[in-house]
Amino acid sequence: MALLSKKSKEAFKDPLMASNPISLQVLGICSALAVTVQVQTAVVMTLAVIAVLAASNTTISLLRNKIPGKVRIIIQLSVIATLVIVIDQILKAYMYDMSRQLSVFIALIITNCIVMGRAEAFAMQNNPKDSFLDGVGNGLGYGGILISVAVFREFLGNGSVYGVQIVPETLYSYGYENMGLMVLAPGAFVILGLIVWLHRIFAGIEAE
Amino acid sequence: MNMEHYVSLFTKSVFIDNMILAYFLGMCSFLAISKKIDTSIGLGFAVVFVLTVTAPLNWIVHEYLLMDGALAWAGFPDADLSFLNYIIFIAVIATAVQLVEMALDKFSPALYNNLGIFLPLIAVNCSILGGSMFMVERKYNFSETIVYGFGSGVGFLLAIAAMAAIRHRLRYSNVPKELRGVGITMLLTGLLSMAFMAFSGIDL
């Protein structure tokens, strides 16, 4: 017997490419872009989102038969907010500098549309195992885009990737300069726009 | 404090620290709603309204209930409940939105008809929670919070209205088909954001 059923595999694999939450469903961009100046912050943010998504999907799926339909949104919100507080406290305790850098954006995972969206669209109808995989898959799909944006921004803006200098000193002495624009807000928008474009060409999807 | 300080804070929150173009907050609704000018202006005003109400409300809650040492008046000078910020803020926002919706329905049906459908959407808009979080992080006082909430709302309104107008014009241009929708909107937002960066040198 296969370890995972076909449905579970799809729940995990789909969000990575075919229905990527950021580039195809356009969810969760709010908190995504601000943390992409450096790869390091993007990686931490991705891990935080994966943890919150997987845990919230599992919790809500376990509770799905007990949650009354009318108040489900507020229950989902409180589950998510609680999980985010836990993550935030862990970050503050073990990675204080990182939590200073991420500032309010960890808190904004609460209003990240992906988390609410998956809870409402997937976890309310499916069993805990599939919901867990769906959460991890969506988190990875989100993180994939986030980290690729961050790689471009850090490489073009600082000449480094994950804090490691890539562009050699000699190039600077020949007059190469970092692209200051990439570190600022417009760089994120432009890079994300181009990545969405590429992704849609490869996925063969035409929008609207 | 003098008037000048508030004017400067207002300009800063509208142009330099623009919610969308500098902090990427409220992008989801920005991308989804900016297809039509009327609706985007409606959403923009609803955001101005809700931000101006919820930021001061959350300030009061933070100052007198949650902050480190805030419970001194109740005899708990050592209590620090600030880790509850997120969950309380989101509850305050959801409640405030609900109350505003009911009050509008009762007292100003015309305004309710214009803003009505957007109000529930706004409860989970990142820029609203973001406004409250920034207010805490930057340690604004009460009147600064009011000005900041209103200013950030106006900034959101400006950005979304400008984007809706651009997208309206874009209907007649020949955009590559994979770039349509999110892709081109992102690139345009990038350009708009570059334009807004020109304000960043202004210091009143």
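Procedures and definitions
Residues numbered from 1 in each chain as written. Chains lettered and ligands numbered in written order. Predicted model: local features only at pLDDT ≥ 70, side-chain atom pairs only at ≥ 80, totals over all residues. Heavy atoms only, no water. Helix = DSSP H or I, 4+ residues; strand = E, 2+ residues; numbered from the N terminus. Buried < 20%, exposed > 50% of the residue type's maximum accessible area, 1.4 Å probe, protein only. Areas by Shrake-Rupley, 256 points an atom, 1.4 Å probe, with all protein chains shown as cover. Lys, Arg positive; Asp, Glu negative; His and termini not counted. Charge placed at Lys NZ, Arg CZ, Asp CG, Glu CD. Salt bridge = Lys/Arg side-chain N within 4 Å of Asp/Glu carboxyl O. Patch = residues over 30% accessible without salt bridge, like charges linked within 9 Å, V, L, I, M, F, W, Y side chains within 5 Å. Phe/Tyr/Trp six-rings, centres within 6.5 Å; stacked < 30°, edge-to-face > 60°. Axes fitted to C-alpha atoms, helices over the stretch in contact; angles between N-to-C directions. Parallel < 35°, antiparallel > 145°, perpendicular 65-115°, else oblique. Left-handed = near helix turned anticlockwise from the far one by under 90°. Contact = heavy atoms within 4.5 Å. Nonpolar A, V, L, I, M, F, W, Y, C, P; charged D, E, K, R; others polar. Buried area = accessible area lost by both parts, 1.4 Å probe. Polar contact = N/O pair within 3.5 Å; in protein donor to acceptor, adjacent residues only side chain to side chain.

1. Things to note about the overall build of chain A
Now for step 1: A tally of helices and strands in chain A yields 9 helices and 2 strands.
Now for step 2: The principal-axis extents of the C-alpha atoms in chain A amount to approximately 65 × 45 × 35 Å.
Now for step 3: Looking at chain A residue by residue over its 208 residues, the buried ones come to 49%.
Now for step 4: Counting every atom, chain A has about 9500 Å² of accessible surface; 67% of that belongs to carbon and sulfur.
Now for step 5: Across chain A, the centroid of the 14 positively charged side chains sits 14 Å from that of the 12 negatively charged ones.

2. Description of the pattern of salt bridges
Now for step 1: One pass over the structure, following the stated rule, counts 5 salt bridges over all chains.
Now for step 2: Here R72 of chain A makes a salt bridge to E120 of chain A, at a shortest N to O gap of 2.7 Å. With R72 of chain A in helix 3 (residues 72-94) and E120 of chain A in helix 5 (residues 113-123), this residue pair connects regions lying 48 residues apart in the sequence.
Now for step 3: Look at R72 of chain A and you get partly exposed, because its relative accessible area is 28%.
Now for step 4: Note that K12 of chain B and D17 of chain B form a salt bridge whose closest N and O atoms lie 3.4 Å from each other.
Now for step 5: K12 of chain B sits in the partly exposed class, given a relative accessible area of 37%.
Now for step 6: Classification of D17 of chain B by relative accessible area gives buried; the value is 12%.
Now for step 7: In the salt-bridge network here, residues are joined through shared partners; they are K12, D17 and R138 of chain B.

3. Some words on a nonpolar patch on the surface
Now for step 1: A surface patch of nonpolar side chains, about 450 Å² in accessible area, is lined by M179, L181, V183 and L184 of chain A together with L191 and M194 of chain B.
Now for step 2: Looking at the nonpolar patch, the elements that each hand over two or more residues are helix 8 (180-183) of chain A together with helix 9 (182-197) of chain B.
Now for step 3: By the secondary structure assignment, L181 of chain A is in helix 8.

4. A look at the packing of aromatic side chains
Now for step 1: Inspection of the entire model under this criterion finds 9 aromatic pairs over all chains.
Now for step 2: A centroid spacing of 5.1 Å and a plane angle of 55° characterise the contact between F189 of chain A and F24 of chain B, whose relative ring orientation is tilted. On the criterion of chain membership, the pair formed by F189 of chain A in helix 9 (residues 185-203) and F24 of chain B in the loop between helix 1 (3-16) and helix 2 (27-33) is interchain, its members lying in two chains. Across the pair, F24 of chain B and F189 of chain A agree in class, each one buried.
Now for step 3: Taking 5.6 Å as the distance between ring centres and 70° as the angle between the ring planes, the aromatic pair formed by F196 of chain B and F199 of chain B counts as edge-to-face.
Now for step 4: A residue is classified by how much of its surface remains accessible, and F196 of chain B, at 13% relative accessible area, is buried.
Now for step 5: Feature note: the residues F15, F196 and F199 of chain B constitute an aromatic cluster, connected by ring pairs.

5. Brief notes about the packing of helix 3 of chain A against helix 5 of chain A
Residues and elements named next belong to chain A.
Now for step 1: Packing of helix 3 against helix 5 leaves a shortest axis separation of 11 Å and a crossing angle of 130°. Classified by the interaxial angle, the pair formed by helix 3 and helix 5 is oblique. For the crossing formed where helix 3 meets helix 5, the hand is right-handed. Residues R72, I73, Q76, L77 and I80 of helix 3 form the contact with helix 5, whose participating residues are V115, M116, A119 and E120.
Now for step 2: Considered class by class, the residues forming the contact of helix 3 with helix 5 number 6 nonpolar, 1 polar and 2 charged.

6. Points about the packing of helix 8 (residues 142-170) of chain B against helix 9 of chain B
Residue and element names in this part refer to chain B.
Now for step 1: In contact at an axis separation of 11 Å, helix 8 and helix 9 are set at 125° when each is read in the N-to-C sense. In this view, helix 8 runs oblique relative to helix 9, as classed from their interaxial angle. Considering only the axes of helix 8 and helix 9, their crossing is right-handed. Counted together, A159, A162, M163, I166, R167 and L170 of helix 8 and I184, T185, L188, T189 and L192 of helix 9 form the full contact between these two elements.
Now for step 2: Residue classes in the contact of helix 8 with helix 9 are distributed as 8 nonpolar, 2 polar and 1 charged.

7. Examining helix 5 of chain A
Now for step 1: Judged by how many residues are buried, helix 5 of chain A sits mostly within the fold: 8 of 11 residues are covered.
Now for step 2: Listed as buried for helix 5 of chain A are C113, I114, V115, M116, R118, A119, F122 and A123 of chain A.
Now for step 3: Close packing links the buried residues of helix 5 of chain A with helix 1 (6-13), helix 2 (39-62), helix 3 and helix 6 (128-158) of chain A together with helix 2 of chain B.

8. Details of the interface of chain A and chain B
Now for step 1: Contacts between the two partners involve 40 residues from chain A, matched on the other side by 39 residues from chain B.
Now for step 2: Between chain A and chain B, roughly 3500 Å² of surface is buried when both sides are summed, and carbon and sulfur atoms account for 81% of that area.
Now for step 3: Counting across the interface, chain A meets chain B through 0 salt bridges.
Now for step 4: Taken together, chain A and chain B are joined by 1 residue pair in polar contact (both at pLDDT 80 or more).
Now for step 5: Elements with a minimum of two residues in the side of chain A that touches chain B: helix 3 and helix 9 of chain A.
Now for step 6: Looking at which element gives the most residues to the side of chain A that touches chain B, the answer is helix 9 of chain A, with 12 residues.
Now for step 7: Partitioning the side of chain A that touches chain B into residue classes produces 29 nonpolar, 7 polar and 4 charged.

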